[in-house]
Amino acid sequence: DAQTNLTLWELEWDPQQETFVRKEGPPIIDGATSRQGGAEIGGGPWWDTWTATSKVSRPILALLRLPVRAQMLQDRILRRRR
């Protein structure tokens, strides 16, 4: 049993830092909570390659893909305006 809190911000590419950074503005998800979850204590650095398999519900999977879909939608809108 675990208490999980989630706040999710949109990321944008920063060419100067050559990495993704948190976009200004409010989070996409702010303070969602759940009592279902797990936590890893300790670990790392990982010297060996490891793999795992997980099952993700459709609503969560949609959220995980959200930044990609949002960027794709934005690109399509901008192309139509040209």
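Here the structure is a predicted model, which means the values were calculated and not measured.

Participant: How would you sum up the overall build of the protein chain? Please name residues and give values.
Facilitator: When you go through the protein chain residue by residue, the secondary structure sums to two helices and four strands. Starting at the N terminus and ending at the C terminus, the protein chain contains elements arranged as β-β-β-β-α-α. Looking at the 82 residues of the protein chain, the share that counts as buried comes to 4%. Put simply, of all contacts in the protein chain between residues at least 6 apart along the chain, 42% involve residues at least 24 apart.

Participant: A description of the environment of T7 should follow, citing residues and the corresponding values.
Facilitator: As for its position among the elements, T7 is in strand β1 (residues 4-8). Separated by 20 residues in sequence, T7 and P27 place their C-alpha atoms 6.7 Å apart. When near neighbours in sequence (up to four residues on either side) are disregarded, T7 contacts P27, I29, D30 and G31. For T7, the side chain forms a polar contact with the main-chain nitrogen of G31, separated by 3.2 Å.

Participant: Summarise the packing of aromatic side chains; cite the residues concerned and give the values.
Facilitator: Tallied over the full model, the rule gives one aromatic pair. Ring centres of W13 and F20 lie 5.1 Å apart, and the angle between their planes is 75°; on these two criteria the pair is classed as edge-to-face. When the ring centre of W9 is taken as origin, the NZ or CZ atom of R22, which lies over that ring, is 3.6 Å away.

Participant: Give me the side chain of D14: which residues, what numbers.
Facilitator: Mapped onto the elements, D14 comes out in strand β2 (residues 11-14). As a buried residue without a salt bridge, D14 has its nearest oppositely charged side chain in R22, at a separation of 13 Å. In this structure the side chain of D14 is engaged in a polar contact, spanning 2.9 Å, whose partner is the backbone nitrogen of Q16. Excluding anything up to four places from it in sequence, D14 contacts T19 and V21.

Participant: An account of the pairing of strand β3 (residues 19-22) is needed here, citing residue identities and associated values.
Facilitator: Every regular strand shows the same layout, with side chains that alternate between the two sheet faces. Taken together, the four bridges between β2 and β3 define a ladder with antiparallel strand orientation. Considered in β3, the bridge of D14 is made with T19.

Participant: Report on a nonpolar patch on the surface, specifying residues and quantitative values.
Facilitator: Together, V56, I60, L61, L63 and L64 make up an exposed nonpolar region whose accessible area comes to about 390 Å². Within the element layout of this structure, V56 appears in the loop between β4 (29-34) and α1 (58-64).

Scoring rules and cut-offs
- Residues numbered from 1 in each chain as written.
- Predicted model: local features only at pLDDT ≥ 70, side-chain atom pairs only at ≥ 80, totals over all residues.
- Heavy atoms only, no water.
- Helix = DSSP H or I, 4+ residues; strand = E, 2+ residues; numbered from the N terminus.
- Buried < 20%, exposed > 50% of the residue type's maximum accessible area, 1.4 Å probe, protein only.
- Contact = heavy atoms within 4.5 Å.
- Polar contact = N/O pair within 3.5 Å; in protein donor to acceptor, adjacent residues only side chain to side chain.
- Phe/Tyr/Trp six-rings, centres within 6.5 Å; stacked < 30°, edge-to-face > 60°.
- Lys NZ or Arg CZ within 6 Å of the ring centre and 35° of its normal.
- Lys, Arg positive; Asp, Glu negative; His and termini not counted.
- Salt bridge = Lys/Arg side-chain N within 4 Å of Asp/Glu carboxyl O.
- Pairing = 2+ DSSP bridges.
- Patch = residues over 30% accessible without salt bridge, like charges linked within 9 Å, V, L, I, M, F, W, Y side chains within 5 Å.
- Areas by Shrake-Rupley, 256 points an atom, 1.4 Å probe, with all protein chains shown as cover.

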